[in-house]
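Listed below are the residues making up each chain.
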Amino acid sequence: MTSAPPDWHVSDCNAAATALFGLYDTAELKARSPWQMSPEFQPDGNRSAERAKAMLETIMRTGACSFEWVHCNTSGDEFPTTVSLVAVELSGGPLVLATVRDESERQRLFAQITQADRFASMGILAAGVANDINNPLMVINQLKPVSV
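Thresholds applied
- Residues numbered from 1 in each chain as written.
- Predicted model: local features only at pLDDT ≥ 70, side-chain atom pairs only at ≥ 80, totals over all residues.
- Heavy atoms only, no water.
- Helix = DSSP H or I, 4+ residues; strand = E, 2+ residues; numbered from the N terminus.
- Buried < 20%, exposed > 50% of the residue type's maximum accessible area, 1.4 Å probe, protein only.
- Contact = heavy atoms within 4.5 Å.
- Areas by Shrake-Rupley, 256 points an atom, 1.4 Å probe, with all protein chains shown as cover.
- Expected span 1.5 Å × (residues − 1).
- Pairing = 2+ DSSP bridges.
- Axes fitted to C-alpha atoms, helices over the stretch in contact; angles between N-to-C directions.
- Polar contact = N/O pair within 3.5 Å; in protein donor to acceptor, adjacent residues only side chain to side chain.
- Phe/Tyr/Trp six-rings, centres within 6.5 Å; stacked < 30°, edge-to-face > 60°.

### What to know about the overall build of the protein chain
So, point 1. Looking only at helices and strands, the protein chain features four helices and five strands.
So, point 2. When the helices and strands of the protein chain are read in sequence order from the N terminus, they spell out β-β-α-α-α-β-β-β-α.
So, point 3. Classification of the 148 residues of the protein chain by burial places 25% in the buried group.
So, point 4. Within the protein chain, contacts between residues at least 6 apart in sequence are counted, and of these 37% link residues at least 24 apart.
So, point 5. Summing over all exposed atoms, the protein chain offers an accessible surface of approximately 10,000 Å²; the carbon and sulfur share of this is 58%.

Have a look at this one:
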């Protein structure tokens, strides 16, 4: 997606960006600014509009940055993203190129891997405890009764 000052509305986008936000055509996305595709507040407690405007001003000074952001689609469902911004100067003036990557699947897989790792750790712990309990019992079972 690309955006340009002063209103920062999306000036151009591809079909993947349109689908990401649950829109039907690029015209719907072009009528919005980046903070209009976000919940009112980001997870850090800042207002999306204020934080987005600050990020855009910063990018115009620094040239490039990447950060995590929460967006929402047309049905209001929030999803985590990674946003990479690059400021470019074209004959028409300044422009910001944004790459937005949906991180929902990656976070879901990470949660599954974390849970599997926990189960593996619990299994190893249980096997160790069972082994520690079993070893002294083996000694007791091996003892023969002494006849008097």
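On we go.
### Brief notes about helix 3 (residues 48-62)
So, point 1. The terminal C-alpha atoms of helix 3, which comprises 15 residues, lie 20 Å apart, in line with the 21 Å expected from a rise of 1.5 Å per residue.
So, point 2. Contacts made by the buried residues of helix 3 are with strand 3 (64-72), strand 4 (78-90) and strand 5 (93-102).
So, point 3. One or two steps after helix 3, the chain reaches Gly 63, where phi turns positive at roughly 105 degrees.

### So, unusual backbone geometry
So, point 1. Cis rather than trans, the peptide bond between Pro 5 and Pro 6 has omega equal to 5 degrees.
So, point 2. By secondary structure assignment, the location of Pro 6 is in the loop between strand 1 (2-3) and strand 2 (10-12).
So, point 3. Phi at Trp 8 is positive, roughly 65 degrees, even though this residue is not glycine.
So, point 4. Examined against the element boundaries, Trp 8 turns out to sit in the loop between strand 1 and strand 2.
So, point 5. Judged by its relative accessible area of 10%, Trp 8 falls in the buried class.

### Looking at the sheet that holds strand 1
So, point 1. Pairing in this open sheet of five strands is antiparallel, and the strands run 2-1-5-4-3 from one edge to the other. Two strands in the sheet have a free side with no partner beyond their single neighbour: strand 2 and strand 3.
So, point 2. Two elements, strand 4 and strand 5, share 10 bridges in a ladder whose sense is antiparallel. Looking at strand 5, one finds that Val 83 is bridged to Val 100.
So, point 3. Packed on one face of the sheet, helix 3 meets strand 3, strand 4 and strand 5 and runs near 160 degrees to strand 3.

### Topic: the environment of Asp 25
So, point 1. In this fold, Asp 25 is placed in the loop between helix 1 (15-20) and helix 2 (26-30).
So, point 2. Along the primary structure Asp 25 and Ala 15 are separated by 10 residues, whereas in three dimensions their C-alpha atoms are 7.6 Å apart.
So, point 3. Of note is the side chain of Asp 25, whose polar atom sits 3.2 Å from the backbone nitrogen of Glu 28.

### Things to note about the packing of aromatic side chains
So, point 1. Inspection of every chain in the model, using the stated rule, returns two aromatic pairs.
So, point 2. For the pair Phe 21 and Phe 79, a centre-to-centre distance of 6.0 Å together with 50 degrees between the ring planes defines the contact as tilted. With a gap of 58 residues between them, Phe 21 in the loop between helix 1 and helix 2 and Phe 79 in strand 4 connect regions that are remote in the sequence. Of the two residues, Phe 21 and Phe 79, neither departs from the other in class, the shared state being buried.
So, point 3. Relative to Trp 69, the ring of Phe 67 lies with its centre 5.8 Å away and its plane at 75 degrees, an arrangement referred to as edge-to-face.
So, point 4. Taking the relative accessible area as the measure of exposure, Trp 69 reaches 6% and is therefore buried.

### Structural notes on the side chain of His 71
So, point 1. Locating His 71 in the fold gives a position in strand 3.
So, point 2. You can call His 71 buried: its relative accessible area is 4%.
So, point 3. Those residues in contact with His 71, other than ones at most four positions away along the chain, are Phe 21, Pro 34, Met 37, Ser 38, Pro 39, Asp 77, Glu 78, Phe 79, Thr 81, Val 83 and Val 100.

These figures come from the coordinates and say nothing about function on their own.
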